[in-house]
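Residues per chain, in single letters:
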Amino acid sequence: MSQLRCARVLARLMSIALFAIGMAPAATSAQTTATVSGRVTDAETGEGIPAVAVRVQGTQLGTVTRADGGYRIVLPAGTHVVRAAFIGYGAAQATVVVTAGQTVTRDFVLTRTGIALDQVVMTGSRRSDRTVVEAPAPIDVLTSEDIAMTGQTETSQIIQMLAPSFNFPRPSVNDGTDHIRPATLRGLGPDQILVLVNGKRRHTTALVHVNQSVGRGSTSVDFNALPANAIDRIEILRDGAAAQYGSDAIAGVMNIILKSAPEAAVSATVGSRRSNTFGSTTDANNQVTFGKRDFRDGRVFQLDGNMGFAFREDGFLHLSAEFRDRERTNRARADVSNQCLSITTACQNLRHIQSWQGDPEATDRLVFVNAALPLGNGLRVYGSSGISGRKGLAAGFLRRSLDDRTVRAIYPNGFLPLIEADIFDGSGTVGVKGSVRGWAWDASGSYGTNSFEFSVDSSVNTSMGAASPTRFYAGAQRANQLVANVDLVRVFDRLLPFSTSVAFGLEGRRDNYKLERGDENSYREGGVLILDGPNAGRPAAPFAQVFPGFRPVDEADESRTNVGGYVDLEGNILRQWLIAVAARAENYSDFGSTLDGKLAMRFEPVSGFALRAAAQTGFRAPSLSQSNFSAVSTNFIGGVPFEIRTFAVGTPGATLLGARELEPEESTNYSLGLTARPLSNLSFTADYYKIEIDNRIVLSGNFIHTSVQTLLAANGITGVSGARYFTNAIDTRTRGIDVVMQYGLNLGSRGLLRLTAGHNQNKSTVTRIAPTPTQLAAVSTALFDRVQEALIETGQPRNNTSLTTNYSLRPFSFNVHTQRFGKVTERPSATNPALDQTYGAKWVTDLAVSYKFFNQLAFTIGANNVTDQYPDTTLAGAAGANQTRGIYVYDASTSTFGINGAYYYVKAGWDFSALRGRAGRPSARKSPMLKSRSVRVR
């Protein structure tokens, strides 16, 4: 019934779009129009600048410049202000007067400033001419030039390096989370960021993060499924925006704009890490000696390319591809404890490194296409599509020979089980836009899908004994999303003393989540008993070791629909005072309706100095995976393995333990900020925010009390030694401040100097924990214990400082970036605070030097984490037996910058735009770094 309802809604939305399309030719032909054309050039070189945003202020009219800097705009006859703005340049504008049928030439000359405040942004406002400096909310713009200078290969790490409010922890030995690592914004959760691509909602992954790491209990967008070389810029709206964009936009909105400029370039990167790891050797008497040895691991090879074409006025086709092969890193140390049972003679008492803690092996293949085609009469068809595949390999905890979970007939020396990941991600968007009687309209449809297939190798199902296979298919999680939008916006000149934009729109969405079973042996309870050792005669552990397969009872195939509508007003009641108001109503097929609103203001009493403030309500709908995920996971708690069953809410097991149906999170968000631009090349912003979230959805603590096991067994649920479920268990409050400063100095013939500084300070507090259900209170088990509370309150840095210096002088460029990651605190025990450990703050510095030959061939030599910083080591015994035996010396759940040490790389890039021989399409001018200057303005 819900799918039929969604189909009807989508049909109605598309009917509106088709009606608007039918009206467009008549409306356009009825207008009396003129043309403004010209060229935008660099003040220093005189060369045309491609992809500059040229807008007619107070309207939705505009375009971007071609490869030679030329542009053409059709507009109504009359007097207009035309503005040209581009990242890194000061904006220029001119008043033009045109009569019907007339063509007026207006050229613009832009001067480089090194900062991005004059760039038109498409996030946070429905107006098409709003710039960063004019926005009523804080917006960071990360350009393709910024991305190229980082030296990072993964999109998530690039964003973390450039945006202080963005956190990308690197957990290890965390099952699927090793392969898709969640990221956060402003100290909140991974599922409280709304991600857009070209302004359209991006789907999340199917993976549910269930192990002990930041983001536990959430699903997230996989930023690394988006090739970095396909990105023109990233706009980060650091403000709640659920009333504008819908669910998930509590922490903010990240809008990833794809490249569109005509260009042709390819680059290759080769890098490796220098690992300082304590190795060990064993002499003839089986005595272990340690020594510090240097070796290289984590080798990375990356090849990427771009090919862009321009046609039909501002039509374009841009293709981006990326291949990355990353070897594993390993920071584990030798296990010096006894490996063997005294009654066993087949075991060798090994003392070398057998465990694996670090980055997984991964091979990524990514392709993205971005295109637009003008149809005439003001119509424009656009679309984007991307696919990515990732093969990954990571490890679990070592099973020693003396462990009860080892079948010594198969593994006399113990074994290290491996998890293989096969991840697919695909997306596509197609839309059409135009103008009808002054209303700019946009109708689009988007589809996204993600799948995560698990296989287990070098493992065993202990309960099957010597008959067990060593390789298992453990099942899959799959998710997909279908979205249809219709948006209309118009700028009115007389509603208020100054121009006012009015926007409204409709959205229909269908979400689907599937959980598929593994092969039978992966979840079999074989019934074999432990044959020897102190626990001989007890039942052996069932299921495949490291990752038990999804069972038939776990399988799910659930969908839901929702329909939403919004209205958005924005205008100046005084020249210095901007007010924006938005309201949004949504109805979900599974939990009902929600209504949210936002009020934002910007007041500029003196030119260059402004105050801004916002207040809003928001929500986040429970994801289908949170409502339907069910599985058994092997969790090591205090070094002891437990088979923890996650019960889907609404199932008999969850009800038995007091679970209730999930409700949406509700939030209130307040912000107050100051912006200052005393000089055209200097800016400073400071913004305070307070975010309160009620009924936050989390994964409960692990219920491992023996009486819980007894309760489950008495109700026919066997083979597990603990339980948990998703619940609206807590309320939280997050307070913080963001400070950003930019300074650009054009030295003329001596080059360009850019300085950027950013700081984020935040503190999250759990203000309420729901009472423990009666069913659990009877067995003295907390619903949300201090271990889980630490992931919210102290698992992410409370402060993060970023400093970047870039100097360029053709053909040379130098970049240095240093970042301070604040301290984090881990609470490994639910009952013993004495085991808490704080990991101190660290400075991580990256360097890169580039040189470009013949204006085409660029070489970069760089080092990330050049000072070879590592997190503080974990105290022995603080997190269980693996630390006590000295295997894992770094925290595996909260590491903010990884545990891999220094990384050195060489990058070579060839820009062959000029060699394509495209008549009439001069190549785009490039900076000393191989980069794109593409900007899409919608």
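See the structure above.
Criteria and cut-off values
Residues numbered from 1 in each chain as written. Predicted model: local features only at pLDDT ≥ 70, side-chain atom pairs only at ≥ 80, totals over all residues. Heavy atoms only, no water. Helix = DSSP H or I, 4+ residues; strand = E, 2+ residues; numbered from the N terminus. Buried < 20%, exposed > 50% of the residue type's maximum accessible area, 1.4 Å probe, protein only. Contact = heavy atoms within 4.5 Å. Areas by Shrake-Rupley, 256 points an atom, 1.4 Å probe, with all protein chains shown as cover. Polar contact = N/O pair within 3.5 Å; in protein donor to acceptor, adjacent residues only side chain to side chain. Pairing = 2+ DSSP bridges. Axes fitted to C-alpha atoms, helices over the stretch in contact; angles between N-to-C directions. Core = buried A, V, L, I, M, F, W, Y, C linked by side-chain atoms within 4.5 Å. Salt bridge = Lys/Arg side-chain N within 4 Å of Asp/Glu carboxyl O. Phe/Tyr/Trp six-rings, centres within 6.5 Å; stacked < 30°, edge-to-face > 60°. Lys NZ or Arg CZ within 6 Å of the ring centre and 35° of its normal.

A.B. asks: Can you break down the overall build of the chain residue by residue, with the values?
C.D. replies: Along its length, the chain carries 11 helices and 41 strands. Counting all 938 residues of the chain, 62% fall into the buried class. Considering only contacts within the chain whose residues lie at least 6 apart along the sequence, 72% involve residues at least 24 apart. Total accessible area computed for the chain in this model is approximately 33400 Å², and 57% of it derives from carbon and sulfur atoms.

A.B. asks: Can you explain helix α10 (residues 786-793)? Please cite residues and give values.
C.D. replies: Within α10, 8 of the 8 residues are buried, which leaves it mostly tucked inside the rest of the structure. Three or more residues of α10 are buried, namely R786, V787, Q788, E789, A790, L791, I792 and E793. Elements in contact with the buried residues of α10: β32 (682-699), β33 (722-746), β34 (752-769) and β37 (824-826). One side-chain oxygen of the residue at the start of α10 lies 3.1 Å from the amide nitrogen of V787, identifying that residue as D785.

A.B. asks: Help me get a handle on the sheet that holds strand β2 (residues 53-56), residues and values and all.
C.D. replies: In spatial order, the strands read β3-β2-β5-β6; together these 4 strands make up an open sheet with antiparallel pairing. On the outer flanks of this sheet lie β3 (62-64) and β6 (92-98), each paired with one strand and no other. Ignoring strand direction, the axes of neighbouring strands in this sheet form an average angle of 20 degrees. Relative to β3, β2 runs antiparallel, the two sharing 3 bridges. Residue pairing for β3: R55 is matched across the bridge by G62.

A.B. asks: Provide a residue-level description of the side chain of S427, including the pertinent values.
C.D. replies: Note that S427 resides in strand β21 (residues 418-436). If we skip the residues at most four places from it in the chain, S427 touches R202, H203, F368, S384, S385, G386, Y447 and G448.

A.B. asks: Summarise the nonpolar core; cite the residues concerned and give the values.
C.D. replies: Residues F454, F547, F629, L657, F703 and L712 are the most contacted members of the largest nonpolar core, which totals 50 residues. Broken down by element, the residue count for this core peaks at 5 residues, all from β33. Core analysis: the second largest hydrophobic core is formed by 30 residues, A163, F166, V197 and A228 among them.

A.B. asks: Explain the pattern of salt bridges to me, and be specific about the residues and the numbers.
C.D. replies: Under the counting rule described, the total for this entry stands at 45 salt bridges. A salt bridge links R560 to D590; the nearest nitrogen and oxygen atoms lie 3.0 Å apart. Remark: D590 occurs in the loop between β26 (577-588) and β27 (592-606) and R560 occurs in strand β25 (residues 556-574); sequence separation between them is 30 residues. Each of D222, E322, R324, D364 and R390 takes part in salt bridges that share partners, so that together they form one network.

A.B. asks: Describe the environment of V81, listing the residues and the values that go with them.
C.D. replies: Mapping V81 onto the fold places it in strand β5 (residues 78-85). Taking the C-alpha atoms as reference, V81 lies 5.9 Å from V56; in sequence the two are 25 residues apart. Those residues in contact with V81 that lie beyond four places of it in its chain are R55, V56, Q57, Q93, A94 and T95.

A.B. asks: Give a detailed account of the packing of aromatic side chains, specifying residues and quantitative values.
C.D. replies: All chains considered together, the criterion is met by 23 aromatic pairs. Plain terms: the ring middles of W439 and F504 are 5.6 Å apart, the flat faces sit at 65 degrees to each other, and that makes the pair edge-to-face. Here W439 is found in strand β22 (residues 439-457), whereas its partner F504 is found in strand β24 (residues 500-516), with 65 residues between them in sequence. What links up through ring pairs into an aromatic cluster is the set F452, F454, F547, F550 and F629. The ring of Y566 has R126 lying over it, and the distance from NZ or CZ to the ring centre is 4.1 Å. Positioned above the aromatic ring of Y689 is the side chain of R186, whose terminal nitrogen or guanidinium carbon lies 4.4 Å from the ring centre.

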